[in-house]
Amino acid sequence: MEKPKISSLLDRLRKNNPLICNITNMVVTNFTANGLLALGASPVMSNSPEEAAEMAKISGALVLNMGTLHPRQVETMIIAGRSANLHNIPVIFDPVGAGATAYRTETAKKILSEVCVSVIRGNAAEIANISGEHWEIKGVDAVSSNRNIAGLAKSAANKLHTIVALTGKEDFVSNGEITYANYNGHPILTCVTGTGCLLTSVLGAFSAVEPDFMLASLGALTTYGIAAENAAKKEAVMGPGSFQTAFLDELHNISPAEIEKYSSVGLADEE
Ligand code: ATP
Ligand code: TZP
Ligand code: MG
Ligand code: MG
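Residues numbered from 1 in each chain as written. Chains lettered and ligands numbered in written order. Predicted model: local features only at pLDDT ≥ 70, side-chain atom pairs only at ≥ 80, totals over all residues. Heavy atoms only, no water.

A few words now on the site of ligand 1. Inspection of the region around ligand 1 gives 18 residues, with Val140, Asp141, Ala142, Thr167 and Asp171 positioned closest. In the model, an oxygen atom of ligand 1 is placed 3.1 Å from a nitrogen or oxygen of the Gly168 main chain. The contact in question runs from a nitrogen atom of ligand 1 to an N or O atom on the backbone of His186, over 3.2 Å. In the complex, the protein chains occlude 86% of the 600 Å² of accessible area that ligand 1 would expose alone. Secondary structure elements with two or more residues in the shell around ligand 1: β5 (119-123), β7 (141-142) and α8 (195-209). Take the shell around ligand 1: its biggest share by element is three residues, from α8. A class-by-class count of the residues in the shell around ligand 1 yields six nonpolar, eight polar and four charged. (Near = heavy atom within 4 Å. Polar contact = N/O pair within 3.5 Å; in protein donor to acceptor, adjacent residues only side chain to side chain. Areas by Shrake-Rupley, 256 points an atom, 1.4 Å probe, with all protein chains shown as cover. Helix = DSSP H or I, 4+ residues; strand = E, 2+ residues; numbered from the N terminus. Nonpolar A, V, L, I, M, F, W, Y, C, P; charged D, E, K, R; others polar.)

Structure (structure tokens):
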């Protein structure tokens, strides 16, 4: 993927300031809203079936995140998702904790059967567990394995007929035919809860301004990873607490020129 193409997306995002509707979990709500604002998008958090269709319709993207799911919220997600589908609004799905309990696995499958999703973003275990494979998961966190993760992203994209953004030490984005790898990021992201969830919403912000969702996903992953690298280098960062604050600053300060210079993207080896 061409670097200039990826880096130009951030300017477009900031100019358009898209409204991103998030039906998300109670752990990450504030962090997600602040991260989207810092980047240049406009967040709204919504949780009622009464307004779900209307809110999805006026948004640039809809993010469904099942981190602290319950039946009324699942109902809300499906109403919002159907409205987004009707109005051609991209839907980004984060199957948080799929595989940890039967309720989470079944709910992820139900959402995917009722809503047409543009991109699924999850860790390796979540992606495996929603695509008919089994991968151990510890609550919401992936347990490491020697399996071929690029190949998993590709086979999941094929099985689920959508784009899959599978994240971890390296990130993979696949449409079932082509799979890209993104190497930007920093291990300290694993010490702050919600960094995966915020990334899913950032994917929503890029998808709101770029209809090629592979390109949008790569734009989101590289921007996010480079912002984390920049934050981790700051003198004031002494651990996860100060990193979280510095990361919000870097999402705000990152420039398209930095993305062009530092993005580390290439074709993945899926064998
Ligand atoms: P998990 O619960 O397994 O941590 P998650 O939903 O929090 O999953 P991650 O896979 O941690 O999502 O991805 C969030 C961000 O952290 C992504 O930008 C990813 O590239 C980055 N990341 C995760 N692990 C590492 C690592 N070891 N080194 C560098 N970046 C990482
Ligand atoms: N428990 C339920 S949702 C959640 C936790 C800890 C947040 C998960 O966020 P992330 O981005 O997957 O680390
Ligand atoms: Mg993580
Ligand atoms: Mg997660």
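The strand order across the open sheet built from nine strands is β2-β1-β3-β4-β5-β8-β9-β10-β11, with neighbouring strands paired in mixed fashion. Two strands bound the open sheet, and with one partner strand each, they are β2 (42-45) and β11 (265-267). Averaged over all pairs of adjacent strands, the angle between their axes in this sheet comes to 20 degrees, without regard to strand direction. One ladder, built from three bridges, connects strand β10 (residues 179-182) with β11; its direction is antiparallel. Bridge pairing in β11 links Tyr180 to Leu267. Of the strands in this sheet, β1 (19-23), β3 (61-65), β4 (91-94), β5 and β8 (163-167) touch α8, which is tilted by about 170 degrees from β4. (Pairing = 2+ DSSP bridges. Axes fitted to C-alpha atoms, helices over the stretch in contact; angles between N-to-C directions. Contact = heavy atoms within 4.5 Å.)

So, on to the packing of aromatic side chains. We describe a pair of aromatic rings using the distance from one ring centre to the other and the angle between the two ring planes. Taken as a whole and assessed by the stated rule, the structure comprises two aromatic pairs. Pairing Tyr224 with Phe247 gives two aromatic rings, centres 4.9 Å apart and planes at 90 degrees, and the pair type is edge-to-face. Remark: Phe247 occurs in helix α10 (residues 240-253) and Tyr224 occurs in helix α9 (residues 213-232); sequence separation between them is 23 residues. Connected via pairs of aromatic rings, a cluster forms that spans Tyr224, Phe243 and Phe247. (Phe/Tyr/Trp six-rings, centres within 6.5 Å; stacked < 30°, edge-to-face > 60°.)

Here we come to the layout of surface pockets. Approximately 1100 Å³ is the volume found for the largest pocket. Lining the largest pocket we find 44 residues, and of these Arg121, Asn123, Thr167, Gly168 and Thr190 sit closest to its centre. Put simply, the parts of the chain that give the lining of the largest pocket at least two residues each are β5, α6 (124-130), β7, β8, β9 (171-174), α8 and α9. With four residues, α8 is the largest single contributor of residues to the lining of the largest pocket. Of the residues assigned to the lining of the largest pocket, the class counts are 19 nonpolar, 18 polar and seven charged. (1 Å grid on protein atoms, 1.4 Å probe; cavity = no way out; pocket = protein on both sides within 12 Å on 5 of 7 lines; lining within 4 Å. Points joined across faces, edges and corners; volume = space filled by probe spheres on them.)

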